[in-house]
Amino acid sequence: MKKNTEKTNAIRCLEQKKINFQIHDYTDFGVVSGKEVAEVLNEDPEIVFKTLVTRGKSEKNYVFLVPVNSELDLKKAATAVNEKYIEMIRSADLLPLTGYVHGGCSPIGMKKFFRTIIDSSAQNNAKILFNGGKIGIQIETTLEEIGKVIPFELYDIVTK
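Residue positions are given per chain, counted from 1 along the sequence in the order it is written. Only residues with pLDDT of at least 70 get local features here, since the model is predicted, and only at 80 or more are side-chain atom pairs given and counted; chain-wide, interface and lining totals rely on the full set of residues. As a rule here, side-chain values come from all non-hydrogen atoms in the structure, and water together with hydrogens is ignored.

Section: the nonpolar core
Piece 1. Formed by 27 residues in total, the largest nonpolar core has its most connected members in Val53, Ile108, Met110, Ile128 and Phe130.
Piece 2. Those elements giving two or more residues to this core turn out to be helix H1 (9-16), strand S2 (49-56), strand S3 (61-67), helix H4 (91-98), strand S6 (128-131), strand S7 (137-141) and helix H5 (143-147).
Piece 3. Runs of E in the DSSP output that reach at least two residues are strands. Runs of H or I that reach at least four are helices, and both are numbered from the N terminus. Here this core takes 3 residues from H1, the largest share from any one element.
Piece 4. Whether two residues are in contact is decided by their heavy atoms, any of which lying within 4.5 Å being enough. Excluding anything up to four places from it in sequence, Ile128 contacts Ile47, Phe49, Ala122, Ile139, Glu140, Thr141, Leu143 and Ile146.
Piece 5. Among buried residues, the Ala, Val, Leu, Ile, Met, Phe, Trp, Tyr and Cys ones that are joined through side-chain atoms within 4.5 Å form a nonpolar core. Buried means the residue's accessible area, taken with a 1.4 Å probe over protein chains only, is under 20% of the maximum for its type, while exposed means over 50%, and partly exposed covers the values in between. Counting 13 residues, the second-largest nonpolar core is a separate cluster that includes Val66, Ala77, Val81 and Ile117.

Next comes the structure, spelled out in structure tokens:
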């Protein structure tokens, strides 16, 4: 971690639980898209995941993690959480709901825990990377380590 890397809620949660993880700080690159993040970090886009926050017909919120080179299939995602439909929440609603901004949302350290589904492709990887709670920060760890911090389910949720 860079000396000036700010500790986010996600990083504090991981440290508190004594999780094995690595921080990748790419704030100097000004990168925005997930595919660009994978490129800058020289990682396979299949192991770099984006965090998407949704709301179902029931008004419950859900978190989905999908590889940056894939798109969330809203029908599959709704099926995974037993909803008639789900939709992405508005960017303006993200900060008050999660404590994170658009482009800096981590599944760990949100204001409140929401049911979390990770695309099943993650189980094929020795590690995954996801946002560390701030634009320019990625966390690298394993599914096993993530499971020590938050409960999650694996489900096929991407568009083929």
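Further notes follow.
Some remarks on the sheet that holds strand S8 (residues 153-155)
Piece 1. Judged by pairing direction, the sheet is mixed, and its 5 strands sit side by side in the order S4-S2-S3-S5-S8 without closing on themselves. Each having just a single partner strand, strand S4 (86-88) and S8 make up the two edges of the open sheet. On average, each strand axis in the sheet is tilted by 35° relative to the strand beside it, whichever way the strands run.
Piece 2. At least two bridges found by DSSP between two strands is the condition for calling them paired. Alignment of strand S5 (residues 115-119) against S8, held across 3 bridges, turns out to be parallel. By the bridge assignment for S8, Ile117 is matched with Glu153. Axis geometry follows a simple rule: fit a line to the C-alpha atoms, using only the stretch in contact for helices, then measure angles between N-to-C directions, giving values from 0 to 180 degrees.

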